Every structure is written in structure tokens, then in C-alpha cells.
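Fold and geometry: a report
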Amino acid sequence: MRPRSPSAPAPAGPPTRTDPATGAGRAAAATPALVWTALLLVYVLWGSTYLGIKIAVESMPPLGSAALRFAAAGLVLSVVLRLRRGPGALRVDRRQLGSAALVGVLLLAGGNGLVVLAESGPPGVAVPSGIAALLVATVPLLVVLLRTVTGDRPRFWTLAGVTLGFVGLVLLVLPTGGADAVPLAGALTVVAGAASWSVGSFLSGRIRMPADPFVATVYEMFAGAVALAVLAMGRGELAGFDPGEVTARSWLALAYLMVAGSLVAFTAYVWLLHHAPISLVSTYAYVNPAVAVLLGALFVAEPVTVQVLLGGAVIVAGVALVVSTERPRRPVPGTAPEPSRR
């Protein structure tokens, strides 16, 4: 699934210093071992969420399971903040609450929800988890396009990276007629989700959000969960749904998504934003797809064809070029150097 620039760092962060490259305040350096431990958590856990979604929707309603995931994660995070910071930890004004709710709907209901839908369904209709991750990797490219439309002037190499990435997208979804061809309708659904995630990420840096990214995430998760629940009921997903028919495998996958994807990896990402160079943190945008493709092949036998390898490699190369040539403001968790997160 899957960042915006917060208006202020988390209140309990370490002392800051000026980054000579950007002039922005940055947290004092942590030990390399801690930085790489946190980075590996983000690489592996966020990369594995696509497989987790694939397994969860095997016996769960897609949008309903996503609503439950974010509602539970938001509740846990809000309780932790309340216990650690006191009664006023989650206090925001109406404008901040509305902004966080809008971003949450775009990121989680639109962005994540459409990915979940695309990964659900029978073989030949559902998008493999590794393919979904590669398509979501286009988020940084879409954000650059949004910046260009609104009057920004990205660098030449940034635009070159965007062009390269979209060439890879075409290569990935180009119909081949084979049994392992990427389902076009599902692929377009994922791209629509990536577009929603990109718009949410883009807006989050331009509207009045809660200053603390943890607090903003609580309200984003709650808003996204409510929107997903409404959509699930509108699609009739919950009519006749029997929790007893959900397999243990799907329950475990959902629990993994709640804990590993929405809490542990998110916390590691926020910590990295205050302790590591943004150029290093941003590498998750093109490592996650590689992790997702590998795990999908190993655990659910998803095909890794020449088309997947070629299209995926071109997309990742385009994203890497964009990330390496851009010097964005510090992002907020959940999105690519946009992220959301996924």
C-alpha cells in the first residue's frame, strides 16, 4: 500500500541537527546496527504484506477484512499513545481531524482497499501478490506527475525515471495470451489504488494535518476502516458471512497484517525518519516489490515469468532513478517517497 511530509517531528524524538544536504533538522545519528535492523523490518514486513493479503482473502471478505485490520491497528496505536502520553495525546482540531480522515480514506480505503480487491478472486482473475507489489511501486512516479500538473518542475532525471517506470508498467501488463498473463482488469484496479494512494500522499503535504505522524495515523486508520466497512456492506460482503468458515490460515494472515504490517513496520519506519538519511529510508520503495515477488513464488507458487522479471526490473529501475535524483521533504509512514503503506 505503501509518504507525506509532517509539519513537525514526533514530540518525544531525540535531539536534532541540521542536515547539510537539505538544511532540514534531522535526528542525531543512531548506531548503524539499529538503523539496519529497522530498515530490514521495513523491507521484509512491508514487502510481505502483499502475501498476507493474498492469504487473508482466501476465506475472508476482502474489504471487510481490510476494515477489521485497520480498525484493530488504529485501536492498539491509540491505546499505546494514550497510555504513554496522557489524556491529551490524541487531541486535534476539527480541521486536522477532517484532513486526516480524507487522507485515510484515500490511502487505506482507496489505495489499500483496491489492492485487496484485486488480490481476491479465483486464479486467472486475482492479481498475484508479487505483481500487485510491482504495480504499487509506481506510486512515487504518480506523485511526480501530480507535482508536475500542479506547477512543480521536477528534474530531468526524475522525469526520465517516471518514463522508464511507466514503460515497465506497460511491459508488465501487456497481454500475452498465456496462462500466466497478468489479469488486465485486476492490474488496472491496482493501478487505480496506487493513484488513490498517490493523491492522498500528495494532499497530505498540502493540507493541515495533525503535527504528530502517529496521531495522524490513528485517525487515518479509523477513517479508512469506516469507509472500508461501508463499502463492504454496500457490496454485500457481510451478508451471510460466517466467521466460523474462515480458515486458521486466513486468521493468522490477518493478525500478521495487523501487527507486523500496520504496527511494527510502521513504528520502525517512523523511527528511521528521525535517525537515517531519507535517501536510505526511501529504498524500501523498490526493495518491497522484490521481497513480495520472492515470497509469492516461495509460499503460494506464484509464477515468475520472463515478462514479470523484465517489467518488474524496469519499474524498479525507474523508481530507483526517481528516488535517487529527488530530495523530497521527510516523508510520513505508509506511503512511498511519495509512500502509505503500504
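Scope of this entry: the structure provided in the associated data block. Everything numeric here is computed off the predicted structure, so don't read it as measured data. (Residues numbered from 1 in each chain as written. Predicted model: local features only at pLDDT ≥ 70, side-chain atom pairs only at ≥ 80, totals over all residues. Heavy atoms only, no water.)

**What about the pattern of salt bridges?**
The line we're drawing: Any carboxyl oxygen of Asp or Glu within 4 Å of a side-chain nitrogen of Lys or Arg constitutes a salt bridge here. Each residue gets one of three labels from its accessible area relative to the maximum for its type: buried under 20%, exposed over 50%, partly exposed in between, using a 1.4 Å probe on protein chains only.
According to the stated counting rule, one finds five salt bridges in the structure shown. Two residues, Asp 152 and Arg 147, come together in a salt bridge whose shortest N-O distance is 2.7 Å. Overall, the relative accessible area of 34% leaves Asp 152 in the partly exposed class. Overall, the relative accessible area of 15% leaves Arg 147 in the buried class.

**Some details on a nonpolar patch on the surface**
Just so we agree on the cut-off: Only residues whose relative accessible area exceeds 30% and that form no salt bridge are eligible for patches; like-charged ones are grouped when within 9 Å, while nonpolar side chains (Val, Leu, Ile, Met, Phe, Trp, Tyr) are grouped when within 5 Å. Residue-level accessible areas treat just the shown protein chains as cover; the underlying method is Shrake-Rupley with a 1.4 Å probe. By definition, any uninterrupted DSSP run of H or I lasting at least four residues is a helix, any uninterrupted run of E lasting at least two residues is a strand, and each is numbered from the N terminus.
Taken together, the side chains of Val 226, Val 230, Met 233, Leu 238 and Phe 241 make up a nonpolar region of the molecular surface, amounting to roughly 470 Å² of accessible area. Here Met 233 is to be found in helix α8 (residues 213-234).

**Quick notes on the packing of helix α5 (residues 139-149) against helix α12 (residues 306-325)**
Note the following rule: Every axis corresponds to a line fitted to the C-alpha atoms, with the helix fit spanning only the stretch in contact, and the corresponding angles, defined between N-to-C directions, vary from 0 to 180 degrees. Any angle that falls under 35 degrees is termed roughly parallel, while one over 145 is termed roughly antiparallel, one within 65 to 115 roughly perpendicular, and all others oblique. Left-handed describes a crossing in which the near helix is turned anticlockwise from the far one by less than a right angle; the clockwise case is right-handed. Throughout, a residue-residue contact means that at least one pair of heavy atoms, one from each residue, lies within 4.5 Å. Residue classes follow a fixed rule: Ala, Val, Leu, Ile, Met, Phe, Trp, Tyr, Cys and Pro count as nonpolar, while Asp, Glu, Lys and Arg count as charged, and any other residue, Gly among them, counts as polar.
Orientation of α5 relative to α12, taken along the N-to-C sense of each, is 55°, at an axis distance of 9 Å. Accordingly, the angle class assigned to the pair α5 and α12 is oblique. For α5 against α12, the interelement crossing comes out left-handed. Facing Pro 140, Leu 141 and Val 144 of α5, the residues of α12 in contact are Gly 318, Val 319 and Val 322. Partitioning the contact of α5 with α12 into residue classes produces five nonpolar, one polar and no charged.

**A few points about the nonpolar core**
For clarity, the cut-off: Put simply, buried Ala, Val, Leu, Ile, Met, Phe, Trp, Tyr and Cys residues joined by side-chain atoms within 4.5 Å make one nonpolar core.
Core analysis: the largest hydrophobic core is formed by 70 residues, its most contacted members being Leu 135, Leu 172 and Val 190. With ten residues, the single largest contributor to this core is α8. Non-local contacts of Leu 135, meaning those with residues more than four positions away in its chain, are made with Leu 169, Leu 172, Val 173, Ala 187, Val 190, Val 191 and Ala 194. Counting 16 residues, the second largest nonpolar core, distinct from the first, contains Val 42, Tyr 43, Leu 45 and Tyr 284.

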